[in-house]
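# Secondary and tertiary structure notes
Now for the letters of each chain:
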Amino acid sequence: MQTLHVELGDRRYPIFIGSQLQPHNLLAPYIKGRQVMIVTNTTLEQLYLQHYVDALTALDKQVAVCVLPDGEKYKNIEHLNLIFDALLQAGFNRDCTVLALGGGVIGDMAGFAAASFQRGVYFIQVPTTLLSQVDSSVGGKTGINHPLGKNMIGAFKQPEVVMADMSQLKSLPPRELSAGLAEVIKYALLGDLEFLAWLETHMDELVAGNETLLAEAVYRSCAHKARIVANDEKEQGERALLNLGHTFGHAIESYLGYGEWLHGEAVATGMVMAADLSQRMGWISKADLARTKKIIQRARLPISCPQIPLDAFLSYMSHDKKVLNGQLRLVLLQRLGQAVITKTFDVDQMKAAILANQTVNQ
Ligand code: NAD
Ligand code: GLY
């Protein structure tokens, strides 16, 4: 097992990364009171819930469970309310712990519930998708969707501890594993050329689910995220770099309808568009762009999206949370392995980068 820390002063917390991790040993020191509410979904309920109920019961905890339906479409206020119902019905107090057992949807919802129940209770993340292990479980962004916008209601809520168990990825559908690899590739492209080379060496084994290499990829990804979050917890600056590919990807996801493309798939094509624009601006070479596309393809991710009318694409991009004072800011590649956030780009070049990476054959 490897351990990293997110250095946030008195809110410093560990990320445990390994296989066959033992929740009773690792989580016990981070559960302050007796009451633990496990929030999960119907899929994880069948796979891993009992293991956690048993471990926490053996620690003499009062364990309650809230099982939500599985899917992004349930990441809303009605289903958030089911978590509050469960907490109140179980008679949970301010020293209770909410434990998220699931992917990013469960982590975001359980975290928001923990941030707001009785003005804030303890929170633990047990991420079970690769995407949630390398991204959503670390850094404290939590929330739900609103009919008018994704992740529009939320709070920052850092967990007490994150426990990422690679053995739980065995049951993850291959498409979901690839979606997580998009976020892994993101860290390499935005800040770590050596990691990119490592991914190029090991991508086939990662796609095949090699647990040792996945643990290394999660460790290296979380190390980047932990450093950036420690520098800029509330996204006043540097943290926005983590949105490489996300502004373009957000437009793809929104136009196609959430659930049609996975978030990681949209981010993958979004990163190609960002790299394409960076190449048009003369920041990276054509060889760098080709290298970017190749690693994304090798992760079994799309490098182009179906045709989307340009005005609709641009309109969705303008709803991005990175728009400040009406001005769109993009995360682009100044060099391969070095991203910047900029509002200085040529709009015609941006349109060309979008159009060049759409295809009619999907
Ligand atoms: P998800 O939570 O929907 O999980 C994907 C699917 O995999 C679900 O059907 C889930 O039930 C299933 N699953 C989860 N673990 C499994 C396992 N071990 N075995 C078998 N099936 C398993 O999707 P996700 O990609 O983990 O997360 C996406 C969500 O995360 C989005 O809502 C997105 O907005 C959010 N997100 C948040 C942040 C953040 O910083 N808070 C960052 C990125 C994404
Ligand atoms: N997923 C981007 C962030 O946590 O800031």
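You'll find the structure just up there.
What comes next concerns the included structure. Since this is a predicted model, take the numbers as computed values, not measurements.

Reading the values: the criteria
- Residues numbered from 1 in each chain as written.
- Chains lettered and ligands numbered in written order.
- Predicted model: local features only at pLDDT ≥ 70, side-chain atom pairs only at ≥ 80, totals over all residues.
- Heavy atoms only, no water.
- Disulfide = S-S within 2.5 Å.
- Near = heavy atom within 4 Å.
- Polar contact = N/O pair within 3.5 Å; in protein donor to acceptor, adjacent residues only side chain to side chain.
- Areas by Shrake-Rupley, 256 points an atom, 1.4 Å probe, with all protein chains shown as cover.
- Helix = DSSP H or I, 4+ residues; strand = E, 2+ residues; numbered from the N terminus.
- Phe/Tyr/Trp six-rings, centres within 6.5 Å; stacked < 30°, edge-to-face > 60°.
- Buried < 20%, exposed > 50% of the residue type's maximum accessible area, 1.4 Å probe, protein only.
- Pairing = 2+ DSSP bridges.
- Axes fitted to C-alpha atoms, helices over the stretch in contact; angles between N-to-C directions.
- Contact = heavy atoms within 4.5 Å.
- Salt bridge = Lys/Arg side-chain N within 4 Å of Asp/Glu carboxyl O.
- Parallel < 35°, antiparallel > 145°, perpendicular 65-115°, else oblique.
- Left-handed = near helix turned anticlockwise from the far one by under 90°.
- Nonpolar A, V, L, I, M, F, W, Y, C, P; charged D, E, K, R; others polar.

The next point concerns the state of the cysteines. Considering all chains together, one arrives at zero disulfides under this definition. The closest cysteine sulfur to the non-disulfide-bonded Cys 66 is located on Cys 96, 12 Å from its own sulfur.

A few words on the site of ligand 1. With respect to spatial proximity, 26 residues lie near ligand 1, and among them Asp 70, Glu 72, Lys 75, Thr 129 and Ser 171 are the closest. Contact between ligand 1 and Asp 70: an oxygen atom at 2.7 Å from a side-chain N or O atom of the residue. At a separation of 2.9 Å, a nitrogen atom of ligand 1 approaches a polar side-chain atom of Asp 108. Considering ligand 1 on its own, with 870 Å² of exposed area, one finds that the protein chains cover 88% of that surface. If you list the elements that add at least two residues to the shell around ligand 1, you get α2 (42–47), α5 (104–116), α6 (130–136) and β8 (149–156).

Taken as a whole and assessed by the stated rule, the structure comprises two aromatic pairs. Where Phe 195 meets Trp 198, the ring centres are 5.9 Å apart and the plane angle is 35 degrees; that geometry is what we call tilted. Here Trp 198 and Phe 195 lie together in helix α8 (residues 193–207), a separation of three residues that amounts to about one turn. An identical accessibility class is assigned to Phe 195 and Trp 198; each is buried.

In spatial order, the strands read β1-β2-β9-β6-β5-β3-β4; together these seven strands make up an open sheet with mixed pairing. Each end of this open sheet is capped by a strand with a single partner; those strands are β1 (2–6) and β4 (62–68). Within the sheet, the average angular offset between the axes of one strand and its neighbour, ignoring direction, is 20 degrees. As judged from the six bridges shared by strand β5 (residues 97–102) and strand β6 (residues 122–127), these two strands associate in the parallel manner. Counterpart to Ala 100 in the pairing with β6 is Gln 125. Packed onto the sheet, α5 meets β3 (35–41), β4, β5 and β6 and runs at close to 170 degrees relative to β5. The sheet strands contacting helix α9 (residues 211–231) are β1 and β2 (13–18), and the helix crosses β1 at an angle near 15 degrees.

Attention now moves to the site of ligand 2. Taken together, the residues surrounding ligand 2 are Asp 135, Lys 141, Lys 225, Glu 235, Arg 239, Leu 242 and Asn 243. Residue Asp 135 places a side-chain N or O atom 3.0 Å away from a nitrogen atom belonging to ligand 2. Taking Lys 141, its side chain carries an N or O atom lying 2.9 Å from an oxygen atom of ligand 2. In isolation ligand 2 offers 200 Å² of accessible surface; the protein chains occlude 88% of this area.

Even without being glycine, Gln 20 reaches a positive phi, approximately 55 degrees. Within the secondary structure, Gln 20 is located in the loop between β2 and α1 (23–27). We note that Gln 118 has phi near 50 degrees; this positive angle belongs to a residue other than glycine. Tracing the backbone through its elements, the reader meets Gln 118 in the loop between α5 and β6.

So, on to the pattern of salt bridges. Scanning all chains against the criterion turns up 18 salt bridges. One salt bridge in this structure joins Lys 32 and Glu 160, with 2.9 Å as the shortest N-O distance. Highlighted residues: Lys 32 in the loop between α1 and β3 and Glu 160 in the loop between β8 and β9 (161–165), separated in sequence by 128 residues. You can call Lys 32 partly exposed: its relative accessible area is 46%. Among the residues examined, Glu 160 registers a relative accessible area of 18% and is labelled buried. Through salt bridges with shared partners, a single network forms among Asp 135, Glu 183, Lys 186 and Lys 225.

At a closest axis distance of 10 Å, the pairing of α8 and α9 adopts a crossing angle of 150 degrees. Taken together, α8 and α9 sit at an angle that is classed as roughly antiparallel. Crossing of α8 over α9 shows left-handed handedness. Here Glu 194, Phe 195, Trp 198, His 202, Glu 205 and Leu 206 of α8 lie close against α9, whose contacting residues are Leu 213, Leu 214, Glu 216, Ala 217, Arg 220 and Ser 221. Classifying every residue of the contact of α8 with α9 gives six nonpolar, two polar and four charged.

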